Amino acid sequence: MQNLEQLELQFQAKIDAEIKIEPKDWMPEAYRKTLIRQISQHAHSEIVGMLPEGNWITRAPSLRRKAVLLAKVQDEGGHGLYLYSAAETLGIDRDTLINDLHSGKAKYSSIFNYPSLIWADMGAIGWLVDGAAIMNQVMLCRTSYGPYARAMVRICKEESFHQRQGYEIMLTLAQGSPEQKRMAQDALNRWWWPSLMMFGPPDSESTNSESSIKWKIKRMSNDELRQRFVDATVPQAELIGLKVPDKDLKWNEERGHYDFGALDWDEFWAVVKGNGPCNKERLEQRVKAYEDGAWVREAALAHAEKKKERAEKVGAVA
Ligand SMILES: [Fe+2]
Ligand SMILES: [Fe+2]
């Protein structure tokens, strides 16, 4: 029998050679745990993320906007399902994952604890929140764990549609009446900083970063991704005549990047710890949706049971 050290060396050699780790392969317990935490957090974010936008489906300003938003929110539900399935390949069951979300033990992206107050927020969410998600997820298409990487490839295709539909809402409002332009600016003002916080704490305070990079779960740090997002998004705001709400924002010729102001990390931690504007409401909505859907799960199980019984009877006769 091989000792642990040898197994770990072989595992790291595979990672270094860009060979994907698959569910039945040996993996260090810490790698498995990190992935379960990250993939389930990601899955929870997808389904909690349906709530702030779901809030506007009935009030979308035209049939076209309604159809697009409905499709987008449905995509997010699908992303949640791929990701729960990817997490399950690591030997955890879905009930445990859902319970951890409902009890508050598991986290989801803090951005979804902010309220969606006006229609323009649908534009800002698609443009900025899905935009930030893409930065992170494009990197994850090459993550070392096979099922997660493959789920991400498909998810990324849909996310780029989400980002564009949001930007198109912002573009339309920014070219509209002064009141519409004001709404677009207001939405940008409120969603800008929480979007930058989506990349997580600064590298200096991020406890999981180092091993995640060594194992190629992540290939870029929180701060690198955040910088990328700022560099890509500021010109998009300028193009439609909106102003990013940061007085310290300035192109830095020497670095070839934008410099930007300090984030309010006290606010970030407060929201993570459950004290954001909508934490309580979001969890209540999720628990209610789960309870209201109990009959669907029961019916599906009863149907599967009946099918199995019938198949056994036919088998016994034959
Ligand atoms: Fe998504
Ligand atoms: Fe999305």
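Because the structure is a prediction, the values reported are computed rather than measured.

Right, let's talk about the coordination of the iron ion (ligand 2) for a bit. Of the protein atoms, only E76 (OE), D130 (OD), E159 (OE) and H162 (ND1) coordinate the iron ion (ligand 2), at distances of 1.9 to 2.2 Å. Around the iron ion (ligand 2), the 4 donor atoms are arranged such that angles at the metal cover 89 to 165 degrees; this shape is classified as irregular. Sequence spacing of the donors to the iron ion (ligand 2): E-x53-D-x28-E-x2-H. Separation of the iron ion (ligand 2) from the iron ion (ligand 1) amounts to 3.4 Å, with E76 serving as a shared donor to the pair. In this pair, E76 is assigned in helix α4 (residues 63-88) and D130 in helix α6 (residues 120-140), connecting sequence segments 54 residues apart. Just as E76 is buried, D130 falls in that class too.

Right, let's talk about the environment of G200 for a bit. Within the fold, G200 resides in the loop between α8 (178-197) and α9 (209-214). The exposure class of G200 is buried, given its relative accessible area of 13%. Spatially, the C-alpha atoms of G200 and A87 are 21 Å apart, while their sequence positions differ by 113 residues. Apart from the residues within four sequence positions on either side, G200 is in contact with N222, R226, W265 and F268.

Right, let's get into the nonpolar core. Of all hydrophobic cores here, the largest spans 75 residues; its most connected members are Y31, I39, Y145, M170, W191 and W192. With 11 residues, the single largest contributor to this core is α6. Discounting residues that sit within four places of it in the chain, W192 has contacts with L128, F229, V230, T233, V234, V244 and P245.

Right, let's get into the pattern of salt bridges. Here the structure, examined in full by the defined rule, presents 21 salt bridges. With a shortest N-O distance of 2.8 Å, E18 and K216 are connected by a salt bridge. Here the residue E18 occupies a position in the loop between α1 (4-16) and α2 (29-48), and K216 occupies one in the loop between α9 and α10 (222-239), the gap between them amounting to 198 residues. Among the ionic pairs, D100 bridges to K105, the shortest N-O distance being 3.8 Å. In this structure K105 comes out as exposed when scored by relative accessible area, which is 63%. Sharing partners across several salt bridges, the network here consists of E53, K72, E76 and D130.

Now for the coordination of the iron ion (ligand 1). For the iron ion (ligand 1), the protein coordination sphere consists of E46 (OE), E76 (OE), H79 (ND1) and E159 (OE), at 2.0 to 2.2 Å. One can describe the site at the iron ion (ligand 1) as irregular: its 4 donor atoms subtend angles covering 84 to 148 degrees at the metal. If you list the donors of the iron ion (ligand 1) from N- to C-terminus, the spacing comes out as E-x29-E-x2-H-x79-E. Since its relative accessible area comes to 0%, H79 is described here as buried.

What counts and what doesn't
- Residues numbered from 1 in each chain as written.
- Chains lettered and ligands numbered in written order.
- Predicted model: local features only at pLDDT ≥ 70, side-chain atom pairs only at ≥ 80, totals over all residues.
- Heavy atoms only, no water.
- Donors = N, O, S within 2.8 Å, 3.2 Å for Na, K, Ca; no water.
- Tetrahedral: all angles 85-135°; square planar, octahedral: opposite > 155°, others 65-115°.
- Helix = DSSP H or I, 4+ residues; strand = E, 2+ residues; numbered from the N terminus.
- Buried < 20%, exposed > 50% of the residue type's maximum accessible area, 1.4 Å probe, protein only.
- Contact = heavy atoms within 4.5 Å.
- Core = buried A, V, L, I, M, F, W, Y, C linked by side-chain atoms within 4.5 Å.
- Salt bridge = Lys/Arg side-chain N within 4 Å of Asp/Glu carboxyl O.

Keep in mind these numbers describe shape, not what the thing actually does.
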